[in-house]
Amino acid sequence: MRNYIIKRILLAIVTIFVVMTLTFFIMHAIPGTPFRTGNDTISEESLAVLMTRYGLDQPLYKQYLKYVGNILRGDFGVSTSNGYRSVTEIILTAFPISADLGIRALIFGTIAGILLGIEASLHRGKAVDHLSTVIAIIGISVPSFVLGTVLQTVLGLGLSGWVKTVFHTDYQLFPIARWQSFRYTLIPSFVLGMGTVASLARLMRTSMLDVIDQDYIKTAKSKGISGWAIIWKHEVRNALMPVVTVLGRMIGGVVTGSYIIESQFAIPGLGKYLVNSITARDYTMTMGLTVFYSIFIVASMLLVDLLYCVIDPRVRLAK
Amino acid sequence: MLEIKNLKVSFHAYSGEVQAVRGVSLELKSGDILAIVGESGCGKSVTAQSVLRLHDPAITDYKGGEILLDGKDLLKLSEKEMQEIRGKVISMIFQDPMTSLNPTMTIGNQIVEVLREHEKGADGKKISRKEARERAIELLKMVRIPNAERRMNEYPHEFSGGQRQRVMIAMAMACAPRILIADEPTTALDVTVQAQILELMKEMQEQKGTSIIMISHDMGAVASIAKSVAVMYGGLVVESGTVEDIFYRHEHPYTRGLLDSVPKEGQPKDRKLDSIEGTPPDLVKPPVGCPFADRCKYAMKVCKDHMPPENALSESHRCSCWLLDPDCPQPRLSLKEYDAKEGDQNNG
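Just so you know, these numbers come straight off a predicted model, no measurement behind them.

(A) Molecular detail of the overall build of chain A. A tally of regular secondary structure across chain A gives 13 helices and zero strands. Each helix and strand of chain A, placed in order from N terminus to C terminus, yields the pattern α-α-α-α-α-α-α-α-α-α-α-α-α. Overall, chain A is about 85 × 65 × 30 Å in size when its C-alpha atoms are taken along their principal axes. Put simply, chain A has 319 residues, and 33% of those count as buried. Long-range contacts, defined here as pairs at least 24 residues apart, represent 73% of the contacts in chain A between residues at least 6 apart.

Next comes the structure, spelled out in structure tokens:
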């Protein structure tokens, strides 16, 4: 088991290194520089000074080696498109907000998705089952910005307008945008979590139906175990395995992939920095975020694989 | 003790109503080992699992009959009352020990679970986890699992097939049930292990006085363990009696066919095994008459049109076949005599 973990961590480091190297060379292959991306008015002289100052006039391999050296020392450099603030500082201020949104969405999505899947499987062909199908279709096919807009209009504007006419106050239960207190988190977390709800509900339903037909469920029933105990102790745990696998990929996706929702709800998270840094040829910012995200995603997958060992004893032997 | 009277069970499938059991009557006496034999799809498993009502209620219809345990009809009990009977009064082991244990739960916890569901501790309250564990270790020792203490914490995949079936038996015997239903307990096991499992079941019956219903299509296993036998075909019991009645004095052509299809010692290697030609009847549209008529070489016109009545051949021996009818052209001839006669005609 320990050897397995060590092997996985070494592999993770290699993965991160490969991602970093590829991103570095791809970024530098895009035409333009951090100081001139299009029709900027910067003079040739100023450009030359800046390029020398940030070492961008050096041969690419030297820049690469220097970058790797800096990363190993924990120095991610400064962001040229954000007033030369340090990349580390930007990540440290903005990521907690993205992560906050992501974790809320993930918790909501996982719990709601799994419970909905269980309910649907227990009442196959009944109303709950059909409802879960409808939710899954909406969650997968309706883009988050559409769902977000609808909720902003109905729950944000509509509800607060109604509250104002009836109770004569400006209280907003579901504020339209920004990230201030718990109320503000409700709609964005819901919208971001819907995709998770949809896919997990379907997966959990299929997985449950598969488990329900297994022989050991009949054994449990023949032992006189009550219906609820069979569902929770025997069925759900076994049905969770495929869900856990998918969850690993989702953690990375949900926590990092909220650019659209962050812009729509004016949430000061990390998403906008990544997209902006690419258009601004902000090499250090793009690289810093890529390395950070890859560490994050690789780590969450590793975590899930370890979690798998906890849930499924059969994996533990296969070192 | 356990009496099944005219049980009828149907399943609702896409193809229509499958009449899996069409009026089965059986009796299990205290201390008996009753074997239900027959080929796949004859309704033997359905009959046995109906005793514990394990079928999915959404698609199962108990259309008629009674399952009486000490005079109480199990088919009329609530689900809650059934739970108190399952695992405590009647327990069950299944065909495939590889898939019958929960893969994500330790063996120990699976045994403890059934004990904690039904048993009371020394203080008269629900048995404590610690006491249940001790009892579980004893049970594993009883079914001869070596290093029982250590193996309590292991998972099913760490056990061999035979050991898993032993664990199943330990689990089924945990609350000292009065009846053990074994649904093809040796079918999925190696031949050498089969004998050990049968031996173990026999031991349980002798030491604990548990009555056993064993479902099988292995006539060898039946001969070595059963005291009485019921032969099922097409959702009906066609012949029943003591093990001697069935093996030595059988009257039903189907029973004969089953016994003939067992390979015999000293049989020449190049000789093909005897088999019963044809396939079992479609139970969505079951035949009006004797279900075996289509495959029976002794079939008469009456067999196809009318269900044969049950004939009592002795105190224990029952057989439903028109050949035993007093109006049959050659009544009361044993099947051997029939064949001999037929042989004479062919020769002559």
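Once you've had a look at it, read on.
(B) Structural view of the interface of chain B and chain A. With 23 residues of chain B in contact, the opposing surface of chain A contributes 19 residues. Taken together, the elements giving at least two residues each to the side of chain B that touches chain A come down to α2 (79-85), β6 (90-93) and α3 (107-118) of chain B. Ranked by residues supplied to the side of chain B that touches chain A, first place goes to α3(B) with four residues. A class-by-class count of the residues in the side of chain B that touches chain A yields eight nonpolar, nine polar and six charged.

(C) Quick peek at helix α4 (residues 87-122) of chain A. Its 36 residues give α4(A) an end-to-end C-alpha distance of 50 Å, which sits within 8% of 52 Å, the value for a rise of 1.5 Å per residue. Helix geometry: α4(A) is bent most strongly at Ala94(A), by close to 35 degrees, with proline Pro96(A) lying one to four residues after it.

(D) Broad picture of the packing of α3(B) against helix α6 (residues 161-173) of chain B. Residue and element names in this part refer to chain B. At a minimum axis distance of 9 Å, the contact between α3 and α6 shows a crossing angle of 20 degrees. Between α3 and α6, the angle is such that the two are roughly parallel. Considering only the axes of α3 and α6, their crossing is right-handed. On α6, the residues touching Ile-107, Gln-110, Ile-111 and Val-114 of α3 are Val-167, Ala-170 and Met-171. For the contact of α3 with α6, the per-class residue count stands at six nonpolar, one polar and no charged.

(E) Local environment of the domain arrangement of chain B. All names here are of chain B. Per the domain assignment, the segments of chain B are domain 1 (2-232) and domain 2 (235-347). Look at where the C-alpha atoms of domain 1 and domain 2 centre, and you get two points 30 Å apart. Counting from both sides, the interface comprises 27 residues of domain 1 and, opposite them, 21 residues of domain 2. For the side of domain 1 that touches domain 2, the secondary-structure elements that each account for two or more residues are β2 (16-28), α8 (219-225) and β9 (228-233). Among the elements that make up the side of domain 1 that touches domain 2, the one with the highest residue count is β2 (11 residues). Along the lines of polarity and charge, the residues of the side of domain 1 that touches domain 2 split into 14 nonpolar, nine polar and four charged.

(F) Inspection of the nonpolar core at higher detail. If you look at the biggest cluster of nonpolar residues, it comprises 128 residues, and the most contacted ones within it are Ile111(B), Ile169(B), Ala170(B), Ile181(B) and Val231(B). Three or more residues apiece are contributed to this core by two domains, here domain 1 (2-232) and domain 2 (235-347) of chain B. Excluding residues that lie within four positions of it along the chain, Ile169(B) makes contacts with Ile93(B), Val143(B), Leu200(B), Met201(B) and Met204(B). If you look at the next biggest cluster of nonpolar residues, it comprises 18 residues, including Tyr67(A), Val87(A), Ile90(A) and Met285(A).

(G) Just the packing of helix α6 (residues 144-167) of chain A against helix α7 (residues 182-212) of chain A, in detail. All names here are of chain A. Running from N to C, α6 and α7 point in directions that differ by 150 degrees, and their axes come no closer than 10 Å. With respect to their mutual orientation, α6 and α7 come out roughly antiparallel. For the pair α6 and α7, the sense of crossing is right-handed. Only Ile-187, Val-191, Leu-192 and Met-194 of α7 make contact with α6, whose side of the interface consists of Ser-144, Leu-147, Gly-148, Leu-151, Gln-152, Leu-155 and Gly-156. Of the residues belonging to the contact of α6 with α7, the class tally is seven nonpolar, four polar and no charged.

(H) Spotlight on the sheet that holds β6(B). Residue and element names in this part refer to chain B. Spatial strand order, β6-β7-β8-β3-β9-β10-β12-β11: eight strands in an open sheet with mixed pairing. Looking at strand neighbours, the two that pair on one side only are β6 and β11 (310-312), the edges of this open sheet. Sheet twist, expressed as the mean angle between neighbouring strand axes with direction ignored, is 20 degrees. Summarising the sheet, β6 and strand β7 (residues 179-183) pair through four bridges and their orientation is parallel.

(I) Region of the structure containing the environment of Pro146(B). All names here are of chain B. Mapped onto the elements of the fold, Pro-146 is located in the loop between α4 (129-142) and α5 (148-151). A tally of 9 C-beta atoms within 10 Å means that Pro-146 is categorised as exposed. Taking the C-alpha atoms as reference points, Pro-146 and Lys-125, 21 residues apart in sequence, are found 31 Å from one another.

(J) Structural detail: unusual backbone geometry. All names here are of chain B. Look at Asn-147: it is not a glycine, yet its phi comes out positive at around 50 degrees. Among the secondary structure elements, Asn-147 is positioned in the loop between α4 and α5. Taking the number of C-beta atoms within 10 Å as the measure of exposure, Asn-147 has 10 and is therefore exposed. A positive phi is found at Ala-176, a non-glycine position, where the angle reads about 45 degrees.

(K) Just the sheet that holds β2(B), in detail. Residue and element names in this part refer to chain B. Read across the sheet, four strands follow the order β2-β1-β4-β5 without closing on themselves; strand pairing throughout is antiparallel. Either end of the sheet is taken by a strand with one partner, and the two such strands are β2 and β5 (72-73). In this structure, strand β1 (residues 2-13) lies alongside strand β4 (residues 60-69), joined through eight bridges in antiparallel fashion. Across the sheet, the residue bridging to Phe-11 is Thr-60, located in β4.

(L) Main features of the pairing of β1(B). All names here are of chain B. In this sheet, β2 lies alongside β1 in antiparallel orientation, the contact comprising nine bridges. Bridge pairing in β2 places Ile-4 opposite Leu-26. Here β1 folds back onto β2 in antiparallel fashion, the turn holding two residues.

(M) Fine view of helix α1 (residues 2-29) of chain A. The terminal C-alpha atoms of α1(A) lie 41 Å apart, and with 28 residues this matches the ideal 40 Å at 1.5 Å per residue to within 8%. Across the 28 residues that make up α1(A), only a small minority, two, are buried.

(N) Representation of the pairing of strand β8 (residues 211-216) of chain B within the structure. Residues and elements named next belong to chain B. Buried residues dominate β8, accounting for six of its six residues. On β8, burial covers both faces: Ser-211, Ile-213 and Ile-215 on one face and Ile-212, Met-214 and Ser-216 on the other are all buried. In this structure, strand β3 (residues 33-37) lies alongside β8, joined through five bridges in parallel fashion. The residue bridging Ile-36 from the neighbouring strand is Ile-215, located in β8. As judged from the five bridges shared by β7 and β8, these two strands associate in the parallel manner. Bridge pairing links Ile-181 to Ile-213 in β8. Once the chain exits β7 it traverses helix α7 (residues 191-208) before rejoining the sheet at β8, and the crossover so formed is right-handed.

(O) Here's a closer look at the environment of Ile230(A). All names here are of chain A. Considering the arrangement of structural elements, one finds Ile-230 in helix α9 (residues 227-256). Using a count of 18 C-beta atoms within 10 Å as the deciding quantity, one classes Ile-230 as partly exposed. The sequence separation of Ile-230 and Leu-192 amounts to 38 residues, and the corresponding C-alpha distance is 33 Å. Leave out the neighbours within four places in its chain, and Ile-230 touches Ile-217, Ala-220, Lys-221, Ile-225 and Glu-235.

Conventions and cut-offs
- Residues numbered from 1 in each chain as written.
- Chains lettered and ligands numbered in written order.
- Predicted model: local features only at pLDDT ≥ 70, side-chain atom pairs only at ≥ 80, totals over all residues.
- Helix = DSSP H or I, 4+ residues; strand = E, 2+ residues; numbered from the N terminus.
- Buried ≥ 20, exposed ≤ 12 C-beta atoms within 10 Å, placed from the backbone.
- Contact = placed C-beta atoms within 7 Å.
- Nonpolar A, V, L, I, M, F, W, Y, C, P; charged D, E, K, R; others polar.
- Expected span 1.5 Å × (residues − 1).
- Bend = angle between axes of the 7 residues up to and from the residue.
- Axes fitted to C-alpha atoms, helices over the stretch in contact; angles between N-to-C directions.
- Parallel < 35°, antiparallel > 145°, perpendicular 65-115°, else oblique.
- Left-handed = near helix turned anticlockwise from the far one by under 90°.
- Domains from an automatic or database assignment.
- Core = buried A, V, L, I, M, F, W, Y, C linked by C-beta atoms within 7 Å.
- Pairing = 2+ DSSP bridges.
- Right-handed = clockwise from strand over helix to strand, strands pointing away.

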